[in-house]
Amino acid sequence: MANRSDMSSMMREMIQLAGTVKLPSVYLTRRQVTRAVAAVITLIQELVAASLFVIGPFLLLVIPTLNGLIVSFFKNTATRLHREEKVAEGYGLDLAAYFTRNLYRFWHAQEFRGLENIPRSGGALLVYYHGPLPTDYIGLVAEIRYQYGRHLRSVVDRMMANFFLADIVNNNLGLVFNGRSQATEILKEGHLLGVAPGGVREALFSEDYKVVWGERTGFAKVAFDANVPIIPVFTENSQETFKSMKSFQFVWKFIYDKIKFPIIPLWGGFPVKLVTHIGAPIYPSKAETVEDLRDRTKTALEDMILKHQSRNPSVTKAILQRLRNVPSETTILEEV
């Protein structure tokens with residue numbers, strides 16, 4: 001009886017103790033709920049868009065591949081016929097530029113403002129803002145070839161060497177992989193060269209057209225060593241041509257930081273209006289450092305973005321802008 005009484009007493013004490021313990025209330029604020037719902041809706045929208053337009057990035061790759069094949073065909077034909085390969089290469093580049101230019105005028109109504117800032121001869125380094133994919137830049141390469149007969153070579157990420165038919169594209173379109181020494185040599189030889197200092201990080205993780213260069217100074221060192229001007233380039237709506245997934249962005253950034261290869265859902269190819277602005281040349285000065293030249297270039301590019309890019313851009317707005325506008329003929333200033 002004593003043991004049963006003790007147990008009953010212990011049970012009563014435990015019940016009383018439990019009654020005095022207050023568990024913390026678990027609840028979400030209205031703001032947290034709103035954010036969670038918005039995140040879920042965004043994820044669903046991105047998944048639907050990605051499933052509908054996932055073919056877009058692959059179709060864009062077709063353009064430089066076809067251009068590379070065109071140039072390769074002309075060069076191989078010249079070799080078989082024992083003709084001058086350099087002349088044949090020029091014809092191939094001209095045809096590729098004509099094809100690309102007309103395709104872009106139809107799909108994006110791409111316009112070019114400030115094209116007169118591209119030198120007719122001599123080296124120059126074109127520094128451009130990198131959208132999700134270099135859609136606008138491909139159009140710029142074609143326009144410069146079509147208008148001036150000059151071939152704009154391009155510094156690209158080494159991963160480009162792994163794509164289908166990469167050798168044909170790289171060897172015939174002048175893509176540069178080997179860093180500053182090769183870039184400097186190309187400029188010293190009097191060629192045009194394009195580079196996006198922000199690279200893949202700017203392409204996939206830049207928000208609201210923010211320039212993402214970090215502390216990179218390589219392009220400025222190249223301009224100094226080759227003693228050529230830097231020409232800033234920005235294209236309106238370049239971020240709206242393709243879209244990358246914003247949901248779980250911290251995951252995509254983590255993966256890219258670890259393996260230096262972009263693994264992120266990408267979709268698009270939307271027919272948005274593109275207007276490419278070519279800024280005034282920026283000449284290196286012996287009185288400044290490479291950091292000064294980088295900062296001057298970055299400021300010029302940021303000013304162009306602030307001046308030309310509309311606020312609160314969207315794919316829908318950019319498509320409507322395309323539908324309302326007809327591409328204007330580029331004004332070419334005649335040499336004196």
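See the structure above.
Residues numbered from 1 in each chain as written. Predicted model: local features only at pLDDT ≥ 70, side-chain atom pairs only at ≥ 80, totals over all residues. Heavy atoms only, no water.

**Section: the overall build of the chain**
Scanning the chain for helices and strands turns up 12 helices and nine strands. With 336 residues in all, the chain has 45% of them scored as buried. Intrachain contacts of the chain at a sequence separation of at least 6 include 81% that bridge at least 24 residues. Carbon and sulfur atoms form 60% of the exposed surface of the chain, whose accessible area is close to 19300 Å². (Helix = DSSP H or I, 4+ residues; strand = E, 2+ residues; numbered from the N terminus. Buried < 20%, exposed > 50% of the residue type's maximum accessible area, 1.4 Å probe, protein only. Contact = heavy atoms within 4.5 Å. Areas by Shrake-Rupley, 256 points an atom, 1.4 Å probe, with all protein chains shown as cover.)

**Considering helix α4 (residues 85-107)**
With 23 residues, α4 should reach 33 Å at 1.5 Å per residue; the first-to-last C-alpha distance of 33 Å fits that figure. In the core, the buried residues of α4 are packed alongside α3 (56-80), α5 (135-148), α6 (166-173) and α12 (315-324). Following α4 by one or two positions, A109 adopts a phi angle in the positive range, close to 45°. (Expected span 1.5 Å × (residues − 1).)

**Observations regarding the sheet that holds strand β4 (residues 175-176)**
Sheet strands pair via backbone hydrogen bonds, and the direction of the pair is either parallel or antiparallel. The sheet built from seven strands is open, its strands ordered β1-β9-β6-β2-β5-β3-β4 with mixed pairing. The open sheet terminates on both sides in strands that have one partner only, identified here as β1 (111-113) and β4. Bridge count for β1 against strand β9 (residues 275-278) is three bridges, and the pairing is parallel. Looking at the pairing, F112 lines up with T276 of β9. Running at roughly 25° to strand β6 (residues 230-236), helix α11 (residues 290-308) makes contact with β2 (124-128), β6 and β9 of the sheet. (Pairing = 2+ DSSP bridges. Axes fitted to C-alpha atoms, helices over the stretch in contact; angles between N-to-C directions.)

**Notes on the pattern of salt bridges**
The full count for this structure, using the stated rule, is 11 salt bridges. Residues R145 and D94 are paired through a salt bridge, measuring 2.8 Å at the closest nitrogen-oxygen approach. Of the two residues, R145 is situated in helix α5 and D94 in helix α4; the sequence distance between them amounts to 51 residues. Residue classification places D94 among the partly exposed positions, given a relative accessible area of 35%. Taken together, the salt bridges that share partners define one network made up of K75, K86 and E89. (Salt bridge = Lys/Arg side-chain N within 4 Å of Asp/Glu carboxyl O.)

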